[in-house]
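Spelled out, the chains give:
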Amino acid sequence: SPWAVPVLALVLVGLGAPSVVNGQPNFIVILADDVGWGDLGANWAETKETPHLDQLAAEGTRFVDFHSAASTCSPSRASLLTGRLGARNGVTHNFAISSVGGLPLNETTLAEVLREAGYSTGAIGKWHLGHHGRHHPNSRGFDYYFGIPYSHDMGCTDTPGYNLPPCPPCPRHGTAARMARKDCYTEVALPLLENVTIVQQPVELGSLAGRYAEEAVRFIRRASDSGRPFFLYLALAHMHVPLTPPLPPAPGRGVYGASLGEMDALVGRIKEVADSLGKGNTLLWFTGDNGPWAQKCELAGRLGPFVGAWQRQRGGSSAKQTTWEGGHRVPALAYWPGRVPAKRTSHALLSILDIFPTLVALAGAALPPNRRFDGLDVSSVLFGRSDVGHKVLLHPNSGAAGKVGEIEALRLAQYKAFYTTGGAMACDGSTGPAEQHQPPLIFNLDRDIQEQEPLDVASREYQAVLPAISRAYAQALQDLAADNVSVADYSQDPAAVPCCNVQHMGCRCHGAHGATLDLHVERGTTRLCL
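Residues numbered from 1 in each chain as written. Predicted model: local features only at pLDDT ≥ 70, side-chain atom pairs only at ≥ 80, totals over all residues. Heavy atoms only, no water.

Description of the sheet that holds strand β16 (residues 435-444)
Turning to step 1, where the next piece is worked out: Strand order in the open sheet made by the 4 strands is β13-β14-β15-β16, with antiparallel pairing throughout. Edge strands, defined here as strands with exactly one partner in the open sheet, are β13 (392-396) and β16. Sheet twist, expressed as the mean angle between neighbouring strand axes with direction ignored, is 20°.
Turning to step 2, where the next piece is worked out: Here strand β14 (residues 407-412) pairs with strand β15 (residues 415-421) via 4 bridges, running antiparallel. Considered in β15, the bridge of Ala409 is made with Phe418. (Pairing = 2+ DSSP bridges. Helix = DSSP H or I, 4+ residues; strand = E, 2+ residues; numbered from the N terminus. Axes fitted to C-alpha atoms, helices over the stretch in contact; angles between N-to-C directions.)

The following block contains the structure:
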């Protein structure tokens, strides 16, 4: 039967990575934040602000059916760095500025595996996997860290940028504290860290992109000079709010377009440096953590054709936080001159989960034992020898209706099944009714990429594909239940908030004086400053 599609076991075997000709390759993974599939001109002709990314696509391979492992920040990043869904690694929703825990310590990160294999490892940008104690990036396999420990809207700044609703700047010493606003952080300034030292609080958002580029270039040069292979994880602030475009937006571009152009230029700079220092032996992989944040209206990204029309007709978002295509289908590009084919478009069903096992295989390292992985080694797809990825892909709830972390949608070949819908806010403030679907809604994405009209339950097509979907769903749940599943600590303590100086309003640093975080502090100790 054409519907009897075998369910791919979640203990996944690699697709056959080739040996690397010139020793271990360098890896640069660039992760954009809240970027839409349609935010790349190579994907969506209406987008004009991404010439460098479009050039990257022309000189490499573009993946058009590539998905984040969750539709919100922390779970998606945890899955990238572990190759495992949040239902396994324990990270099912976002961590707070006062979170005591983070990505569970018994989970092994990609950086830890690569460092053990001889790599110099660096993380620049947003972390959002725990910053207190041993959850800091320097304790999770990264030799060097420079960035913000969580999203850059999770603290006040002196130049707040563009957000909806707009947030006030940090209060100054001697001025009355402003009235708290919903969705705004007004009590603690946003910190910028270099390794364990707070080097600026509050962050100067207008110069952040430039600083990230400078630190990335410095890391690449330092690693190249050392003669060791390197792994750079560059987690951008773009395109998450608040947006801080470098110049007043040109007519017709708007704030979002100007910010998108800034991100594009940053990626172009990294590619330029990688080409000059390691062309032919550096794999650059660009993708996003989830889809656009629809409730931010004109400050949110472009979905392209993935509009989730069925949900939109009922109110609510079909983007970030949801399991609609707009929430988790993200742009993805791979560039490696001489190895990754140029001017190629791949339709393989791939995931951010695949980055972990693929890079581990290319480095000649081994996957951590005693756990199961949701990602595939997709080297054969990367190098153009195959266009076959996942047969089954699971989509967890990431803050919409239902329980966070639970598998609420499933992809099987061209079919997409929904067990829960609704519950995420759209630009107009609607959330859409929370609905359970049993039997599930099923869409044929080959014919209905907009997810507008589910198959008729009584149709022959629905009845033919439902048994395979039901088997895949049941097997996935059984596999998760049988695995070594981690549990994240989501408890909070005010002492875990990064604070440069408790004597100053908002923890403000003055001049060049910083503070050092103690990676060995435990809960109940004083605030993270010395």
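Comments concerning the pairing of strand β7 (residues 197-200)
Turning to step 1, where the next piece is worked out: Where strand β6 (residues 192-194) and β7 come together, 3 bridges link them in antiparallel fashion. By the bridge assignment, Glu194 is partnered in β7 with Thr197.
Turning to step 2, where the next piece is worked out: Turn length for the β6-β7 hairpin, with the two strands adjacent in sequence and antiparallel, is 2 residues, and the turn residue Asn195 shows positive phi of about 55°.
Turning to step 3, where the next piece is worked out: When β7 meets strand β17 (residues 515-516), the two strands line up antiparallel, connected through 2 bridges. Its bridge partner lying in β17, Thr197 is registered against Thr516.

What to know about the confidence of the model for the chain
Turning to step 1, where the next piece is worked out: Here the chain averages 91 in pLDDT, and 90% of its residues register 70 or above.
Turning to step 2, where the next piece is worked out: Within the model, pLDDT remains below 50 along residues 1-21, and this stretch shows 57 contacts once partners closer than five positions in the same chain are excluded.
Turning to step 3, where the next piece is worked out: A low-confidence stretch, residues 522-530 stays under pLDDT 50, and its non-local contacts, those more than four residues away or across chains, total 32 contacts. (pLDDT = per-residue confidence, 0-100. Contact = heavy atoms within 4.5 Å.)

Considering the state of the cysteines
Turning to step 1, where the next piece is worked out: Applying the stated rule across the entire model yields 5 disulfides.
Turning to step 2, where the next piece is worked out: A disulfide bridge connects Cys156 with Cys170, and the sulfur atoms are separated by 2.1 Å. Torsion about the S-S bond of the Cys156 and Cys170 cystine: about 105°, corresponding to right-handed handedness. Taken as a pair, Cys156 in the loop between β5 (144-147) and β6 and Cys170 in the loop between β5 and β6 lie far apart in primary sequence, 14 residues in all. The pair formed by Cys156 and Cys170 is uniform in burial state, with each residue classed as buried. (Disulfide = S-S within 2.5 Å. Buried < 20%, exposed > 50% of the residue type's maximum accessible area, 1.4 Å probe, protein only.)

Digging into the environment of Gly60
Turning to step 1, where the next piece is worked out: Tracing the chain through its elements places Gly60 in the loop between α1 (51-59) and β2 (61-63).
Turning to step 2, where the next piece is worked out: For Gly60, a relative accessible area of 0% gives the class buried.
Turning to step 3, where the next piece is worked out: Linking Gly60 and Ala300, residues 240 residues apart in sequence, is a C-alpha distance of 27 Å.
Turning to step 4, where the next piece is worked out: Those residues in contact with Gly60, other than ones at most four positions away along the chain, are Ala334, Tyr335, Val340, Pro341, Ala342, Lys343 and Arg344.

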